[in-house]
Amino acid sequence: MTATPEQLLFSSTARAFLDKEASLSTVRDLHARDASFDPTWWQRAAELGWASLLVPEELGGGSVSGDGLADLALVAEHAGRTVAPGPLHAVSVVLGGLTEAPAGHERLIEALVSGESIASWAVYEPRRPFDPVAAGTTATRTANGWRIDGVKDRVEAGAQSDMFLVVAECDGALRQFVVPADSPGVSVTAQKSVDLVKTYARVQFVGVDVAASAAVGTAEQTAAIIERQRQIALVLQCAETVGILDAVLALTNRWLLDRHSFGRPLASYQALKHRFADMKMWFEACRATTTAAVAAVGSRSPDAPKLVSVAKAYVAERAPVMLQDCVQLHGGIGVTWEHDLHLYLRRVALNRAMFGSPEDHHRAVYALSRKRPGATELRA
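Residues numbered from 1 in each chain as written. Predicted model: local features only at pLDDT ≥ 70, side-chain atom pairs only at ≥ 80, totals over all residues. Heavy atoms only, no water.

Under an unreviewed UniProt entry, the name given to the protein is Acyl-CoA dehydrogenase, and the source organism is Mycolicibacterium brisbanense. Recorded in UniProt for the protein, the comment headed Sequence similarities (unreviewed entry) runs: "Belongs to the acyl-CoA dehydrogenase family." Note on the protein: under the UniProt heading Cofactor (unreviewed entry), the record states "FAD". (UniProt positions renumbered as here; feature names shortened; annotations may be inferred.)

A. The arrangement of the pattern of salt bridges in detail. Inspection of every chain in the model, using the stated rule, returns 22 salt bridges. Here glutamate 77 ties to arginine 287 by a salt bridge, and the two come within 2.8 Å at their closest N and O atoms. Of this pair, glutamate 77 sits in helix α4 (residues 68-81) while arginine 287 sits in helix α8 (residues 270-298), placing them 210 residues apart in sequence. On the accessibility criterion, glutamate 77 (3% relative accessible area) is buried. Taking the shortest distance from any N to any O, the salt bridge between arginine 147 and aspartate 149 comes out at 3.0 Å. Residue arginine 147 is classed as partly exposed on the basis of its relative accessible area, which comes to 33%. Counted as one network, the salt bridges with shared partners bring together Glu77, Arg81, Asp246 and Arg287. (Salt bridge = Lys/Arg side-chain N within 4 Å of Asp/Glu carboxyl O. Helix = DSSP H or I, 4+ residues; strand = E, 2+ residues; numbered from the N terminus. Buried < 20%, exposed > 50% of the residue type's maximum accessible area, 1.4 Å probe, protein only.)

B. View of the UniProt feature "domain: Acyl-CoA dehydrogenase/oxidase N-terminal" (unreviewed entry) in the protein. Listed under "domain: Acyl-CoA dehydrogenase/oxidase N-terminal" (unreviewed entry) in the UniProt record, and renumbered for this structure, are residues 4-93. A distance of 25 Å separates the end C-alpha atoms of residues 4-93, which is 61% helix and 0% strand.

C. Looking closely at the packing of helix α9 (residues 304-329) against helix α10 (residues 341-353). Between α9 and α10, the least distance of the axes is 10 Å, while the angle of their chain directions is 155°. Regarding the angle of α9 to α10, the classification is roughly antiparallel. Seen from above, α9 lies across α10 with left-handed handedness. From α9, Lys312, Ala316, Ala319, Pro320, Leu323, Gln324, Cys326 and Val327 reach across to α10, where they touch Leu341, Tyr344, Leu345, Val348, Asn351 and Arg352. Looking at the contact of α9 with α10, its residues break down into 10 nonpolar, two polar and two charged. (Axes fitted to C-alpha atoms, helices over the stretch in contact; angles between N-to-C directions. Parallel < 35°, antiparallel > 145°, perpendicular 65-115°, else oblique. Left-handed = near helix turned anticlockwise from the far one by under 90°. Contact = heavy atoms within 4.5 Å. Nonpolar A, V, L, I, M, F, W, Y, C, P; charged D, E, K, R; others polar.)

D. Layout of the nonpolar core. Grouped together as the largest cluster of nonpolar side chains are 99 residues, with contacts concentrated most on Trp42, Trp50 and Trp121. The element contributing the most residues to this core is helix α7 (residues 219-258), with 16 residues. Excluding its chain neighbours within four sequence positions, the residues that come into contact with tryptophan 121 are Val93, Val94, Phe130, Pro132, Val155, Leu165, Val167, Gln176, Ile226, Gln229, Arg230 and Phe355. Counting residues in hydrophobic clusters, the runner-up holds 19 residues, among them Ile148, Val208, Ala214 and Ala215. (Core = buried A, V, L, I, M, F, W, Y, C linked by side-chain atoms within 4.5 Å.)

E. Molecular detail of the domain arrangement of the protein. Here the domain parsing of the protein yields domain 1 (5-117), domain 2 (120-217) and domain 3 (221-369). Taken together, the contact between domain 1 and domain 3 spans 22 residues of the former and 29 residues of the latter. Carbon and sulfur atoms make up 65% of the surface buried where domain 1 meets domain 3, a total of about 2,200 Å² over both sides. Contact with domain 3 buries area across many residues of domain 1, yet Arg28, Leu69 and Glu100 alone supply 27% of it, more than any other trio. At the boundary of domain 1 with domain 3, the tally comes to four salt bridges. In this structure, the connection of domain 1 to domain 3 is made through 11 residue pairs in polar contact (both at pLDDT 80 or more). (Domains from an automatic or database assignment. Buried area = accessible area lost by both parts, 1.4 Å probe. Polar contact = N/O pair within 3.5 Å; in protein donor to acceptor, adjacent residues only side chain to side chain.)

F. Here's a closer look at unusual backbone geometry. Non-glycine residue valine 83 carries a positive phi angle of around 35°. Mapped onto the elements of the fold, valine 83 is located in the loop between α4 and α5 (88-98). With relative accessibility at 2%, the residue valine 83 sits in the buried group.

Pasting the structure below:
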């Protein structure tokens, strides 16, 4: 994904920071302390510019290459190599929405860019699959603003967030509202996930009053803003998974070269060569589909909805199979707690499930590929 000297420098800096501050041993230590991430660590990451990449310069942001999403996907890929903790995805998706309609939210954008605050997208409804345009949470007009009622769950880093960007139904239309986590009527319950350090939360809103300025954009803008956020969430997820696959294949290749059987390295056996070659081919396809999706979303191409679904469908379908193959190639040690493979497998399993399953996105690709006029788009 690296294309320019500036991106090369940015990439090497990000990778060095992650290797030092967010290694696999750090992930294990956080899990042992029942912690998700260290807020001071995230502030240091924000100082490197990670939270500014989707924010235009006039709002205090900027990117090293001029293509903020490509730079951000590069960071996500590096983060995948160490299954790094932190709210990179959550904060980026919120900023992706706020920068589409920044009026009244400039202070929050500044706080998120600096790492001073953390925000997360509250879009999932309890006991429902991902469907950003079907909100059970409601927003009712009041004399001074809005009253938010409802429940959201699977809110990433919800227990650590200072703000929530809440999707709600208002007067028959979809809207989004910035709701402070410490508002009266907001209650947050932590939710565990299969991942060791990535946590979520159930957030309940009971008569939560917010100012009129809490709304993000107009009713007419909201659908496009939410779609933009959905696309950003998916490409970051795919980029992270590509980073995971890159690390796991390198780990497995080293194992096959170092481990000997009957005086020969395992990598010399033809059956294992063919198996690894298949995985290498699948990996390159994962990287290619993700790169195409990042480019389409970054340029706001009309093909972006289809290409993000192509990437999610392929990456989320192949990655778990590849991880399981790598576990098998490691033999008995691959299924032990002490080996790092399960750290990667957990994050891949989580990414497969969030923001639509591969089956959901296969259906979306089919619907978006139909040529006849009036074809109905399926939401993923």
